[in-house]
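# Structural description and commentary
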Amino acid sequence: MGNLLKVLTREIENYPHFFLDFENAQPTEGEREVWNQVNSVLQDSESILTGLQAYKGAGQEIRDAIQNPNNRTLQERAWDAVCPLVIKLKKFYSFSLRLEEALKSLLVSLTCPPLTPTQHLEREQALAKQFAEILHFTLRFDELKMRIPAIQNDFSYYRRTISRNRINNMNLDIENEVNNEMANRMSLFYAEATPMLKTLSTATTNFVTENKSLPLENTTDCLSTMASVCKVMLETPEYSSRFSSEDTLLFCMRVMVGVIILYDHVHPNGAFNKSSKIDMKGCIKVLKDQPADNVEGLLNALKFTTKHLNDESTPKNIRTMLQ
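Residue numbers here run from 1 along each chain, matching the order of that chain's written sequence. Note on the predicted model: pLDDT of at least 70 is required for a residue's local features to be given, and 80 or more for side-chain atom pairs to be given and counted; whole-chain, interface and lining totals, by contrast, use all residues. Excluded from the side-chain calculations are hydrogens and water; all other atoms, namely the structure's heavy atoms, are used.

## Topic: the overall build of the protein
Put simply, DSSP H or I for four residues or longer makes a helix, DSSP E for two residues or longer makes a strand, and each gets a number counted from the N terminus. Along its length, the protein carries 15 helices and zero strands. Here the globule rule is a power law, 2.2 Å times the number of residues to the power 0.38, and the radius of gyration is based on C-alpha atoms. The globule rule puts the C-alpha radius of gyration for 323 residues at 20 Å, and the 22 Å found for the protein is close to it. With respect to the three principal axes, the spread of C-alpha positions in the protein is 75 × 45 × 40 Å. Relative accessibility decides the category of a residue: with a 1.4 Å probe and only protein chains considered, values under 20% of the type maximum give buried, values over 50% give exposed, and everything between is partly exposed. Taking all 323 residues of the protein together, 54% fall into the buried category. Considering only intrachain contacts with a sequence separation of at least 6, the fraction spanning at least 24 residues in the protein is 76%. Only four residue types enter the charge count, namely Lys and Arg as positive and Asp and Glu as negative; His and the chain termini do not. Positions of charges follow a simple convention, taking NZ of Lys, CZ of Arg, CG of Asp or CD of Glu. Distance between charge centres in the protein, computed from 36 positive and 40 negative side chains, equals 5 Å. The contact definition used throughout considers only heavy atoms, calling two residues in contact when any of these lie within 4.5 Å.

## Some points on the nonpolar core
Counting residues in each nonpolar core, the largest one holds 104 residues, and the members touching the most others are F22, F131, Y158, M226, M233, I260 and L287. Sorting elements by how many residues they give to this core places helix α4 (residues 72-111) first, with 17 residues. Note that domain bounds follow an automatic or database assignment of domains. Summarising the domain contributions, this core has at least three residues from each of domain 1 (19-192) and domain 2 (215-322). In contact with I260, other than residues within four places in its own chain, are A227, A271, I278, M280, C283 and L302. Nonpolar core, defined: a set of buried Ala, Val, Leu, Ile, Met, Phe, Trp, Tyr and Cys residues in which side-chain atoms within 4.5 Å join the residues together.

## Here's the deal with the domain arrangement of the protein
Under the domain assignment used here, the protein contains domain 1 (19-192) and domain 2 (215-322). In this structure, domain 1 and domain 2 have C-alpha centres spaced 25 Å apart. Residue-level contacts link 21 residues of domain 1 with 25 residues of domain 2. Both faces considered, domain 1 and domain 2 share a buried interface measuring about 2100 Å² in area, 77% of it formed by carbon and sulfur atoms. Buried area: the accessible area, evaluated with a 1.4 Å probe, that two parts lose upon being put together, summed over both parts. The largest share of the area that domain 1 buries against domain 2 comes from F19, F22 and E23, three residues that together contribute 31% of it. Each salt bridge in this description consists of a side-chain nitrogen of Lys or Arg and a carboxyl oxygen of Asp or Glu lying within 4 Å of one another. At the boundary of domain 1 with domain 2, the tally comes to one salt bridge. Residue R254 pairs with E143 through a salt bridge whose shortest N-O separation is 3.2 Å.

## What about the packing of aromatic side chains?
Side-chain rings of Phe, Tyr and Trp (the six-membered ring for Trp) are treated as a pair once their centres are within 6.5 Å; stacked means planes under 30 degrees apart, edge-to-face means over 60, and tilted covers the remaining angles. A full pass over the atoms with the stated rule returns eight aromatic pairs. Each member of the aromatic cluster is reached from another via a ring pair, and the members are F92, F95, F137 and F141.

## So, the pattern of salt bridges
If you walk through the whole model with that rule in mind, you get 12 salt bridges. The shortest N-O distance in the salt bridge between K277 and D221 comes to 3.1 Å. Here the residue K277 occupies a position in the loop between α12 (246-266) and α13 (280-288), and D221 occupies one in helix α10 (residues 216-235), the gap between them amounting to 56 residues. Look at D221 and you get buried, because its relative accessible area is 18%. For K231, the salt bridge identified is with D279, shortest N-O distance 3.3 Å. Of this pair, K231 sits in helix α10 while D279 sits in the loop between α12 and α13, placing them 48 residues apart in sequence. Taking relative accessible area as the criterion, K231 reaches 4% and is therefore assigned buried. Connected through salt bridges with shared partners, the residues K231, E235 and D279 form a single ionic network.

## Details of the environment of T248
Within the secondary structure, T248 is located in helix α12. C-alpha of T248 to C-alpha of E76: the two residues are 172 residues apart in sequence and 47 Å apart in space. The residues contacting T248, other than those within four sequence positions of it, are F22, E23 and F243. Pairs of N or O atoms are called polar contacts if they sit within 3.5 Å, as long as, within protein, a hydrogen donor faces a hydrogen acceptor (for residues adjacent in sequence, only side-chain-to-side-chain pairs). One polar contact links T248 to E23, side chain to side chain, over a distance of 2.5 Å.

## Describing unusual backbone geometry
In terms of backbone geometry, most residues other than glycine have negative phi values and most peptide bonds are trans. A cis amide bond, omega 5 degrees, links P113 with the succeeding residue P114. Its location among the elements puts P114 in the loop between α4 and α5 (117-123).

Dropping the structure here:
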């Protein structure tokens, strides 16, 4: 395994400790097939984020069209502005479906017996890195989407216009690209505050449901182990000093938060109660020790996209830390 990991002999608080090489992990022969499959999805992730970042919306054109319903020129201008945006939104949505399949492939590899989840993560570091990259992308996508209210406005206008024109028996070419069924699915996707995270948590829950012969713990232990490893790497100078880039620290924080949220959605008791295998107090402290600008979005993600934070079983000190 070379320089890929270093397992500490000491077990602090009984949480797993080893170095996950998020910067340099390369696939072994055993990982290659799944790695190639997932890589073909991940290589498009940056262009998806760039496209989302550049999303400007058609707010002005839509307002002009609504305020002047009898002005055909303004109606056409709004329609011509919205259609390319809807094609772009379809591209983002279609990518979420590819990401879902990639996640399932990784879950199969990282949870299958006879190895424990910890052994999988230690030995299959390239796949663990890809799992981390999916989570990193997901949180970045959702952070951006939350800042673009134009997405839902544009799509609502598109759907209203399609319905109106369908009543008028107009045949619109764009319906070949985005038919009614696709529009319904996209509408549900973009209605979510954090659509990519919702996609991943549903995919993980479905993975557990569909693989009844696989103990639930195999999946939840994979997630809790990853959260613990990220926490330890962030709080231990011996590890964090091995990262060559500051960006890797932020990557590590995003991944830690992502796996906590997935764990909270998949485990019946969630991530916050005392029986949880994730040291939530320690994870939140690690985030709060970072510059506020770096972690505000991540702390909000823990507050607003988890499932069990407000359960009675959540210790008060944990809730207080996230207020």
